[in-house]
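Chain by chain, the residues:
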Amino acid sequence: MEILKCKELTKTYGTGENAVHALDHVNFRADSGEFIAIVGASGSGKSTLLHLIGGVDSPTSGQVIIDGTDIVGMPERKLSVFRRRKVGLIYQFYNLIPTMNVLENIMLPMRLDGRLPEKEELAELTDTLGLTDRLRAYPGELSGGQQQRVAIARSLIYRPAILLADEPTGNLDRKNSEETMALFRLCNQKYNQTILLITHDENAALQAGRIITIEDGKLMKDEVTDR
Ligand code: ADP
Ligand code: ADP
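Residues numbered from 1 in each chain as written. Chains lettered and ligands numbered in written order. Predicted model: local features only at pLDDT ≥ 70, side-chain atom pairs only at ≥ 80, totals over all residues. Heavy atoms only, no water.

By the naming in an unreviewed UniProt entry, the protein is ABC transporter ATP-binding protein, taken from Diplocloster agilis.

What follows is the structure, encoded as structure tokens:
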């Protein structure tokens, strides 16, 4: 089933002489349950692509169709609800709220909707992520690997159809990187979540079933791996 389609997706920052063509008419589609690595040199437009798919930035032109709905031009209030439920975003530097404890950070997407997670589901999630003992701790008291697991738990609270990860292992040591990748495989295999992962790590990219290469804002290659 098609879960995502980017059509002629284009993003230009600035105007005139200062214009930066970060993305240039990018087209691709993804089915539910695909695990896609996005690779390319620094500055090629990978983060921009993820931000547009995640609805945190809007394209100059083109469409982002998620589960049949074009999110471009969606009113902000509707978009913020849509993106919290359908798309999870994970960053290299976690983006946790330092004044909230682990549990509060994880529940944040639901609290913003005035909801609470089901007790059992929450327990399963924190257990899977090895956070059950640290729910009252604050981000500053956690290791990098733990902080990234909190960010992943937060992005999973709604079991979104799509997970977008921007160099999630970029700041982690090898052990934590491997654990993080194992979590993504679990999300992909157990919950059939579609994963788009930006990475500079070849080993991480090879765990994906498909590798998309971006160069100078253009989709240059779209290859199936033999995973
Ligand atoms: P990557 O993730 O591949 O490193 P980015 O998507 O971050 O690439 O950036 C693509 C290009 O767009 C780069 O030239 C970058 O400097 C530029 N860019 C990204 N975000 C902005 C912004 N908010 N304002 C101006 N230029 C930007
Ligand atoms: P990454 O590519 O690892 O996500 P960057 O350092 O490229 O991180 O970008 C971090 C943030 O700064 C992003 O939100 C991006 O949109 C913004 N950004 C990147 N390049 C520029 C730029 N030239 N001008 C303004 N903002 C930028």
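Observations concerning the site of ligand 2
The following threshold applies: Residues are classed as near a molecule or strand on a simple rule: at least one heavy atom within 4 Å of it. Under the rule applied, a polar contact is a pair of N or O atoms within 3.5 Å (in protein, one hydrogen donor and one hydrogen acceptor; residues adjacent in sequence only if both atoms are side-chain atoms). The protein chains shown are the only cover counted for residues, whose accessible areas, like all others here, come from Shrake-Rupley with a 1.4 Å probe.
Every residue lining ligand 2 is accounted for by Ser47, His51 and Asp166. Interatomic distance of 2.8 Å between a side-chain N/O atom of Ser47 and an oxygen atom of ligand 2. One nitrogen or oxygen atom from the side chain of Asp166 is found 3.2 Å from an oxygen atom belonging to ligand 2. Here ligand 2 loses 22% of its free accessible area of 550 Å² to cover by the protein chains.

Some points on the layout of surface pockets
Empty space left among the atoms is revealed by rolling a probe the size of a water molecule over them. What counts is decided by this rule: Computed over the protein atoms alone on a 1 Å grid, cavities are sets of points where a 1.4 Å probe fits but cannot get out and pockets are open sets with protein on both sides within 12 Å along at least five of seven lines; a residue lines them when it has an atom within 4 Å of a point. Grid points are joined across faces, edges and corners, and a volume is the space filled by probe spheres set on the points. The secondary structure listing takes helices from DSSP runs of H or I that are at least 4 residues long and strands from runs of E that are at least 2 residues long, numbered from the N terminus. Gly counts as polar in this scheme, as do all residues outside two lists: the nonpolar Ala, Val, Leu, Ile, Met, Phe, Trp, Tyr, Cys and Pro, and the charged Asp, Glu, Lys and Arg.
Its boundaries defined by the atoms lining it, the largest pocket holds a volume of some 420 Å³. Around the largest pocket, the lining is made up of 19 residues, and of these Arg84, Val87, Leu89, Pro109 and Arg154 lie nearest the centre. Listed by contribution, the elements that provide at least two residues to the lining of the largest pocket are helix H2 (76-86), strand E6 (87-90), helix H3 (102-111) and helix H5 (144-156). In terms of residue class, the lining of the largest pocket is built from 11 nonpolar, 5 polar and 3 charged.

What to know about the side chain of Thr194
Which entries qualify depends on this criterion: Should any heavy atoms of two residues lie within 4.5 Å, those residues are counted as being in contact.
Considering the arrangement of structural elements, one finds Thr194 in strand E8 (residues 194-198). A distance of 3.1 Å separates a polar side-chain atom of Thr194 from the backbone nitrogen of Gly33. Filtering out sequence-adjacent residues up to four positions away, Thr194 remains in contact with Ile3, Ala30, Asp31, Ser32, Gly33, Glu34, Ala161, Ile162 and Leu163.

Here we look at empty space enclosed by the protein
What the rule picks out here adds up to 2 cavities of 30 Å³ or more. By volume, the largest cavity is sized at about 80 Å³. Within the lining of the largest cavity, the residues separate by chemical class into 7 nonpolar, 2 polar and 2 charged. Estimated volume of the second largest cavity: approximately 60 Å³.

Digging into helix H1 (residues 46-53)
Basically, it comes down to this: Residue exposure (1.4 Å probe, protein chains only): buried if accessible area is under 20% of the type maximum, exposed if over 50%, otherwise partly exposed.
Counting buried residues along H1, 6 of its 8 residues qualify, which places the element largely inside the surrounding structure. Of all the positions in H1, only Lys46, Thr48, Leu49, Leu50, Leu52 and Ile53 are classed as buried.

Concerning the sheet that holds strand E2 (residues 20-31)
Heads up, the condition is: By definition, two strands form a pair when at least two bridges between them are found by DSSP.
Strand order in the open sheet made by the 4 strands is E2-E1-E4-E5, with antiparallel pairing throughout. Either end of the sheet is taken by a strand with one partner, and the two such strands are E2 and strand E5 (69-70). In terms of strand pairing, strand E1 (residues 2-13) meets E2 through 8 bridges, oriented antiparallel. Residue pairing in the sheet places Leu4 in a bridge with Ala30 of E2.

So, the packing of H3 against helix H4 (residues 119-128)
Two measures define how a pair of helices packs: the angle their axes make with one another and the distance between the axes. Worth spelling out the cut-off: In this description, a line fitted to the C-alpha atoms serves as the axis of each element, helices being fitted only across the stretch in contact, and the angle between N-to-C directions of two axes falls anywhere from 0 to 180 degrees. Orientation is classified from the angle alone, with under 35 degrees giving roughly parallel, over 145 giving roughly antiparallel, 65 to 115 giving roughly perpendicular, and any other angle giving oblique. By convention, the crossing between two helices is left-handed when the near helix turns anticlockwise from the far helix through less than a right angle, and right-handed when the turn is clockwise.
Interhelical geometry of H3 versus H4 gives an angle of 120° and a closest axis separation of 12 Å. Put simply, H3 runs oblique to H4. Relative to H4, H3 is oriented so that their crossing is right-handed. Along the contact surface, H3 presents Leu103, Ile106 and Met107, while H4 presents Leu122, Leu125 and Thr126. Classifying every residue of the contact of H3 with H4 gives 5 nonpolar, 1 polar and no charged.

Comments concerning the site of ligand 1
By nearness alone, every residue bordering ligand 1 is listed as Tyr13, Val20, Ala22, Ala41, Ser42, Gly43, Ser44, Gly45, Lys46, Ser47 and Thr48. Measuring from an oxygen atom of ligand 1, one finds a backbone N or O atom of Gly45 at 3.0 Å. One nitrogen or oxygen atom from the side chain of Lys46 is found 2.8 Å from an oxygen atom belonging to ligand 1. Protein coverage of the free-state accessible area of ligand 1, which is 560 Å², stands at 58%. Of the residues belonging to the shell around ligand 1, the class tally is 4 nonpolar, 6 polar and 1 charged.

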